[in-house]
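# Topology and contacts: notes
Chain by chain, the residues run as shown.
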Amino acid sequence: AVVELIRKEGLAGYLSGIVPAIVVLINPAIQLALYARLRGWVRRRTGQAPTPAHAFLMGALAKGFAVLATFPAQTVKLRMQAGLSQTQALDKERLVRELRECKSIAQLLASVSTLWAGVGNKMATSMLHSALMFAIVELFRLFNGAVAKSMKQVQH
């Protein structure tokens, strides 16, 4: 099937859509890296591990940033899955033309913002999910620490 696809579409056709797919996979990497940085910052600042409340806020912030950074690629990917070619999905020419024709900052933002159309719903659900997940992770860390401490006391 791969050989037939390459024969029919060429190597470029075979690889089309791979960049948006990879960028979408970067979302969790961005989220985890930012959360780790925020966790380290809280730890240095307070001298303690973050509380579940800290984790909730940091998880939401990390996911929000990751969604904003990768949403344009997700938009292009979804348009391609809907049957548009990579060129049609991104429509670079239209975007560049609109940017050149902008006569104000508002028009410029409106043109670029089409790549973030619908981000609000994604942000709300993703940020809440991430916030809860990291709060629960910190609860488990607290629980594991308490269990380890009590096990040491029992052994001595």
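Quick summary incoming for the structure in this document. Every chain begins its residue count from 1, and numbering advances along the sequence as written. Residue-level local features of this predicted model are given only where pLDDT is at least 70; pairs of side-chain atoms are given and counted only at 80 or more, and the full residue set underlies all totals for whole chains, interfaces and linings. Excluded from the side-chain calculation are hydrogens and water; included are all heavy atoms of the structure.

## Some details on the packing of aromatic side chains
In plain terms, the rule: The rule is short: rings of Phe, Tyr and Trp, with Trp giving its six-membered ring, pair when the centres are within 6.5 Å, and they are stacked under 30 degrees, edge-to-face over 60, tilted in between. Labels follow the DSSP assignment, with helices taken as runs of H or I lasting at least four residues and strands as runs of E lasting at least two, numbered in each case from the N terminus. Three exposure classes are used, based on accessible area relative to the maximum for each residue type with a 1.4 Å probe and protein chains only: buried under 20%, partly exposed in between, and exposed over 50%.
On inspection of all chains with the given rule, the structure shows one aromatic pair. A ring pair is formed by Y35 and F134, whose centres lie 3.8 Å apart and whose planes are at 15 degrees; its orientation type is stacked. Placement of the pair is Y35 in helix α2 (residues 18-46) and F134 in helix α7 (residues 119-155), with a sequence separation of 99 residues. Judged by its relative accessible area of 5%, Y35 is buried. Residue classification places F134 among the buried residues on the basis of a relative accessible area of 5%.

## Overview of the side chain of T70
Here is the rule we go by: Here a polar contact is recorded for every N or O atom pair within 3.5 Å, except that within protein the pair must consist of a potential hydrogen donor and a potential acceptor, and residues adjacent in sequence are included only if both atoms are side-chain atoms.
Here T70 lies in helix α3 (residues 52-81). When its relative accessible area of 1% is taken as the criterion, T70 is described as buried. Only 3.0 Å separates the side chain of T70 from the side chain of N27, close enough to count as a polar contact.

## Some points on the nonpolar core
Our working definition: Among buried residues, the Ala, Val, Leu, Ile, Met, Phe, Trp, Tyr and Cys ones that are joined through side-chain atoms within 4.5 Å form a nonpolar core. Only heavy atoms matter for contacts: two residues are in contact if any of them lie within 4.5 Å across the pair.
Membership of the largest hydrophobic core is limited to seven residues, which are Y35, L38, V42, A55, M58, A62 and F134. When contributions to this core are tallied by element, the ones reaching two or more residues are α2 and α3. Not counting the four nearest positions on each side in its chain, A55 is found in contact with Y35, A131, F134, A135 and E138.

## With respect to α7
Selection criterion: Expected helix span is computed as 1.5 Å times (number of residues minus one).
Taking 1.5 Å per residue, 37 residues should reach 54 Å; α7 reaches 53 Å between its end C-alpha atoms and fits that length. Listing the buried residues of α7 in full gives V119, M123, S126, S130, A131, F134, A135 and E138.

## Observations regarding the side chain of S130
Note on placement: S130 falls in helix α7. Not counting residues up to four positions away in its chain, the partners in contact with S130 are Q31, G59, A60 and K63.

## Brief notes about the pattern of salt bridges
For clarity, the cut-off: The rule for a salt bridge is simple: a side-chain nitrogen of Lys or Arg has to be within 4 Å of a carboxyl oxygen of Asp or Glu.
A complete count under the given rule lists two salt bridges for this structure. The shortest N-O distance in the salt bridge between E138 and R141 comes to 2.9 Å. Linking E138 with R141, this pair stays in helix α7, spanning three residues, or about one helical turn. The class of E138 is buried, set by a relative accessible area of 2%. Judged by relative accessible area, which is 42%, R141 ranks as partly exposed. In this structure, a network of salt bridges that share partners links the residues R39, E138 and R141.

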